[in-house]
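# Observations on chain architecture
Letter by letter, the chains look like this.
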Amino acid sequence: RHVTGLLLPQNLLRNQIPSTIVHLPNLTQLDLSNNLLTGQVPTFLSELTSLRSLLLTGQEFDKGHIPIEIQSLVRLRTLVLSGCQFSGTIPG
């Protein structure tokens, strides 16, 4: 529960981001860049209220919009979604 950083870039992680990640309430940095994640960017990420850095570069998420719930991450300073082929505006 005291984990503040979860850095797993380039680990061939597949499928969707597990919802159990919300059990890390002190998480300030999440880097899942360059894996094989699919589906949507999960709205439950907005429950990680301590998050300052979110890096999801190069995923295979379904094309679409960045979830509006991301704007509730008021401490977020770094958001990197390059290579994810999103469209529309950035929430906030």
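The rules behind the values
- Residues numbered from 1 in each chain as written.
- Predicted model: local features only at pLDDT ≥ 70, side-chain atom pairs only at ≥ 80, totals over all residues.
- Heavy atoms only, no water.
- Helix = DSSP H or I, 4+ residues; strand = E, 2+ residues; numbered from the N terminus.
- Rg over C-alpha atoms; globule rule 2.2 N^0.38 Å.
- Buried < 20%, exposed > 50% of the residue type's maximum accessible area, 1.4 Å probe, protein only.
- Contact = heavy atoms within 4.5 Å.
- Areas by Shrake-Rupley, 256 points an atom, 1.4 Å probe, with all protein chains shown as cover.
- Core = buried A, V, L, I, M, F, W, Y, C linked by side-chain atoms within 4.5 Å.
- Polar contact = N/O pair within 3.5 Å; in protein donor to acceptor, adjacent residues only side chain to side chain.
- Pairing = 2+ DSSP bridges.
- Axes fitted to C-alpha atoms, helices over the stretch in contact; angles between N-to-C directions.

Turning our eyes to something else, we now look at the overall build of the chain. Broken down by element type, the chain carries zero helices and six strands. Rg of the C-alpha trace for the chain: 12 Å, near the compact-globule value of 12 Å for 92 residues, within the 12% margin. Dimensions of the chain, computed from the C-alpha atoms along their principal axes, are close to 35 × 30 × 20 Å. Looking at the 92 residues of the chain, the share that counts as buried comes to 38%. Once local pairs closer than 6 in sequence are excluded, the contacts in the chain between residues at least 24 apart make up 51%. Put simply, the chain shows about 5500 Å² of open surface, and 51% of that area lies on carbon and sulfur atoms.

Moving on, we come to the nonpolar core. Side chains of nonpolar character tend, in soluble globular proteins, to be buried together. Counting 21 residues, the largest nonpolar core has Ile 17, Ile 21, Leu 30, Leu 45, Leu 51, Leu 54 and Leu 56 as its most contacted members. Residues within four places of Leu 45 in sequence aside, it is in contact with Ile 17, Ile 21, Leu 30, Leu 54, Leu 56 and Leu 73.

Along the chain, Asn 35 turns up in the loop between strand E3 (29-31) and strand E4 (36-37). Polar side-chain contacts of Asn 35 include one of 3.0 Å to the backbone nitrogen of Leu 13. At 3.3 Å, the side chain of Asn 35 and the backbone oxygen of Ser 33 are in polar contact.

Once that is clear, we can look at the environment of Pro 9. Along the chain, the position of Pro 9 falls in the loop between strand E1 (5-7) and strand E2 (14-15). Taking relative accessible area as the criterion, Pro 9 reaches 33% and is therefore assigned partly exposed. Placed 20 residues apart in sequence, Pro 9 and Gln 29 show a C-alpha to C-alpha distance of 12 Å. Beyond its immediate stretch of four places on either side in the chain, Pro 9 contacts Asp 31, Ser 33 and Asn 35.

Read across the open sheet, the four strands follow the order E1-E3-E5-E6; overall the sheet is parallel. The two strands at the open ends of the sheet, each matched to only one other strand, are E1 and strand E6 (78-80). If you compare each strand with its neighbour and ignore which way they point, the axes differ by 5° on average.

All right, on to unusual backbone geometry then. Located in the positive-phi region is Gln 10, a residue other than glycine, with phi close to 55°. Within the secondary structure layout, Gln 10 lies in the loop between E1 and E2. Although it is not a glycine, Asn 34 sits at a positive phi angle of roughly 55°. In this fold, Asn 34 is placed in the loop between E3 and E4.

Right, let's get into the environment of Leu 6. Inspection of the secondary structure assignment puts Leu 6 in strand E1. Since its relative accessible area comes to 24%, Leu 6 is described here as partly exposed. For the pair Leu 6 and Leu 27, spaced 21 residues apart in sequence, the C-alpha separation works out to 7.4 Å.

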